[in-house]
Amino acid sequence: MSWNSWAEFFSMGGYGLYVWGSYLVSFACIAGEIWLILNRRRTLQKYLGLKDESTTREEK
Amino acid sequence: MPPQRRINYTFLNMLIWIIRRDLLLAMRRQADVLTTLFFFIIVVSLFPLGVGPEMNTLRIMAPGVVWVAALLASMLSLGRIFSTDYLDGTLEQILLSPTSLSLLVLGKMFSHWLVTGVPLVLMAPVLGIQYDLPANALFVLTLSLLLGTPILSLIGAIGAALTLGLRGGGVLVSLLVLPLYIPVLIFGAGAVEASIAGLGFEAHFSLLGAFLLVSLVFAPWTTAASLRISVG
Amino acid sequence: MSINWYKYASPASFYFLAGKMIPYFSIVAVILLLVGLYIGFFVAPTDFQQGEAYRIIFIHVPAAWMSMFLYLVMAFWSGIGLAFNTRLSSMVATAIAPTGAMFTFIALWTGAWWGKPMWGAWWVWDARLTSELILLFLYIGFMSLQAAIDDPRRADRAGAIIALVGVVNIPIIYFSVQWWNTLHQGASVSVTQSPKMAASMLAGMLIMAFAAWMYSIAMILMRTRAIILERERHTAWVAELKGVTGVTR
């Protein structure tokens with residue numbers, strides 16, 4: 001399935017609006033969710049005073 | 001000292017006691033009973049004003065409108081099953097009582113159904129006439145509501161128990177409980193439509209009966225668990 | 001040798017375990033996504049019946065699967081949390097709900113935008129789309145109930161009840177909607193009616209489904225960690241975390 005030109009690819013056989021419309025919104029939702037979680041972590045770290053991604057617990 | 005009447009806390013006595021008590025409380029505040037009924041009447045009468053007096057469209061819409069109105073009316077009054085007892089502390093006493101909580105909750109659900117469900121069932125045929133439903137459709141509508149409204153009370157009580165004492169509980173109950181009402185609505189309204197279209201409505205009623213039996217078994221037990229969580 | 005089931009059930013140790021796992025899941029998710037998209041757009045042939053519009057399937061079907069699967073997983077963990085009183089299980093259930101609701105929304109959106117070219121209408125009361133919509137209501141009910149209760153312990157347990165009641169009702173709702181739909185307007189063309197799918201189409205869809213799965217795990221672990229921090233902020237091990245960074249307050 002090789003697209004002859006980018007224009008043809010984006011037109012998606014005339015259904016471009018629907019295909020790209022749904023993909024765009026889906027990835028917007030996913031990006032939105034990722035941003036929300038990162039934002040939530042950032043505020044938490046700021047609020048709790050944790051400096052960095054403390055994933056590894058230093059075995060004292 | 002007059003002979004003390006020996007109270008035996010058998011299951012049946014406790015069930016009758018709680019139903020009697022709830023009905024007594026409901027009768028003392030007649031307004032609550034009537035508000036639910038008037039809400040049902042008003043909602044059903046609003047639709048023709050919105051949709052237009054055209055009898056054919058109204059006749060098609062009638063089952064759906066009456067059923068949705070019954071759903072909303074019974075849901076509005078769900079809050080009252082436990083909230084008054086919760087506020088004045090009797091709910092804690094009921095939780096502590098030796099009789100099984102599920103039984104007492106079943107009693108409360110039954111009295112809620114008597115207070116809100118039965119008036120709807122009695123009023124439905126009168127409202128059906130507003131929509132020019134044929135006679136047998138009115139009969140099927142009333143029967144389907146008679147079979148459906150107890151399910152609404154049973155499932156609704158779970159939502160009421162979960163949202164006990166929460167701010168904005170009224171709206172929250174509808175959010176929790178409406179998705180669970182959908183099968184009852186589908187087969188309730190479907191039964192009337194099937195009878196209007198001349199198809200048999202027995203299938204719908206058997207399914208409604210099945211929903212009723214299943215919720216009769218599981219709803220009291222789930223509501224008891226929810227009460228222990230909300231009050232515990 | 002008895003397995004200590006509760007070792008990672010404590011939020012503290014789970015916090016660090018999840019912290020290590022998240023990068024792996026996210027990387028795998030991104031790789032699978034790219035591979036899936038490549039197959040979906042460059043390998044899979046044009047569908048003779050639906051033309052190019054069918055390529056929405058590569059996001060619609062995985063999202064629908066994930067929305068259903070995540071609800072079951074959420075109900076499972078909330079049930080475990082209710083039964084065994086393990087706080088962490090309920091935290092995971094609370095963490096799953098938003099991702100599940102998002103996938104349900106994506107499934108609805110892509111379903112509608114796929115229905116427009118195929119059936120000519122943005123919204124068709126197709127049985128599956130309708131039950132997907134009701135699933136969204138169940139998610140919203142779960143999340144709003146938990147949001148309305150302040151005490152986390154009661155929120156977890158109340159959420160568990162409504163999730164388990166919801167899970168019992170999903171098949172009932174699905175079949176009654178299926179029944180209601182076929183009764184009214186006859187079986188409309190279902191979304192994936194296309195004849196036996198070409199291998200590459202199926203492969204593309206499955207890879208995208210796995211990508212969505214890895215993505216969900218990564219997101220849920222991250223949200224669980226955030227919830228753990230929020231709920232355990234007064235505990236010693238969180239204070240110790242602060243100690244690690246030398247910020248004393």
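**Details of the packing of helix α2 (residues 30-51) of chain B against helix α3 (residues 55-76) of chain B**
Geometry of a packed helix pair, given as the angle between the helix axes and the separation of the axes. Residues and elements named next belong to chain B. For the pair α2 and α3, interaxial distance at closest approach is 9 Å and the crossing angle is 150°. Classified by the angle their axes make, α2 and α3 are roughly antiparallel. The chirality of how α2 crosses α3 is right-handed. Only Thr57, Leu58, Met61, Val65, Val66, Ala69, Ala70, Leu72, Ala73 and Leu76 of α3 make contact with α2, whose side of the interface consists of Thr36, Phe39, Phe40, Val43, Val44, Phe47, Pro48 and Val51. Residue composition of the contact of α2 with α3, by class: 16 nonpolar, 2 polar and no charged.

**What to know about the packing of helix α7 (residues 135-162) of chain B against helix α8 (residues 169-196) of chain B**
Residue and element names in this part refer to chain B. The N-to-C vectors of α7 and α8 enclose an angle of 170°; their axes lie 9 Å apart at closest approach. Between α7 and α8, the angle is such that the two are roughly antiparallel. Its residues assigned to classes, the contact of α7 with α8 comprises 17 nonpolar, 7 polar and no charged.

**Some thoughts on the interface of chain B and chain C**
Contact with chain B, which involves 23 residues of that partner, is made by 28 residues of chain C. Both sides together, the interface formed by chain B and chain C hides about 2,200 Å², and carbon and sulfur atoms give 79% of it. Three residues stand out in chain B for area buried against chain C, namely Leu162(B), Leu180(B) and Ile229(B), and they jointly supply 25% of the buried area on that side. A salt bridge links Arg167(B) to Asp150(C); the shortest N-O distance between them is 3.6 Å. Among the elements of the structure, α7, α8 and α9 (202-231) of chain B are those that each provide at least two residues to the side of chain B that touches chain C. The greatest single-element share of the side of chain B that touches chain C, amounting to 10 residues, is contributed by α8(B). The residue inventory of the side of chain B that touches chain C, partitioned by class, reads 16 nonpolar, 5 polar and 2 charged.

**What about the packing of aromatic side chains?**
Evaluated as defined, the whole model comprises 32 aromatic pairs over all chains. Ring geometry for Phe105(C) and Trp109(C): centres 6.1 Å apart, planes at 40°, overall tilted. Remark: Trp109(C) and Phe105(C) occur in helix α3 (residues 87-119); sequence separation between them is 4 residues, near one turn of the helix. Overall, the relative accessible area of 35% leaves Phe105(C) in the partly exposed class. Its relative accessible area of 26% is what places Trp109(C) among the partly exposed residues. Three or more aromatic residues joined by ring pairs form one cluster here, namely Trp6(A), Phe9(A), Phe10(A), Trp20(A), Tyr23(A), Phe27(A), Tyr38(C), Phe41(C) and Phe42(C). Just above the ring of Tyr15(C) sits the side chain of Arg225(C); from NZ or CZ to the centre is 4.1 Å.

Analysis parameters
Residues numbered from 1 in each chain as written. Chains lettered and ligands numbered in written order. Predicted model: local features only at pLDDT ≥ 70, side-chain atom pairs only at ≥ 80, totals over all residues. Heavy atoms only, no water. Axes fitted to C-alpha atoms, helices over the stretch in contact; angles between N-to-C directions. Helix = DSSP H or I, 4+ residues; strand = E, 2+ residues; numbered from the N terminus. Parallel < 35°, antiparallel > 145°, perpendicular 65-115°, else oblique. Left-handed = near helix turned anticlockwise from the far one by under 90°. Contact = heavy atoms within 4.5 Å. Nonpolar A, V, L, I, M, F, W, Y, C, P; charged D, E, K, R; others polar. Buried area = accessible area lost by both parts, 1.4 Å probe. Salt bridge = Lys/Arg side-chain N within 4 Å of Asp/Glu carboxyl O. Phe/Tyr/Trp six-rings, centres within 6.5 Å; stacked < 30°, edge-to-face > 60°. Buried < 20%, exposed > 50% of the residue type's maximum accessible area, 1.4 Å probe, protein only. Lys NZ or Arg CZ within 6 Å of the ring centre and 35° of its normal.

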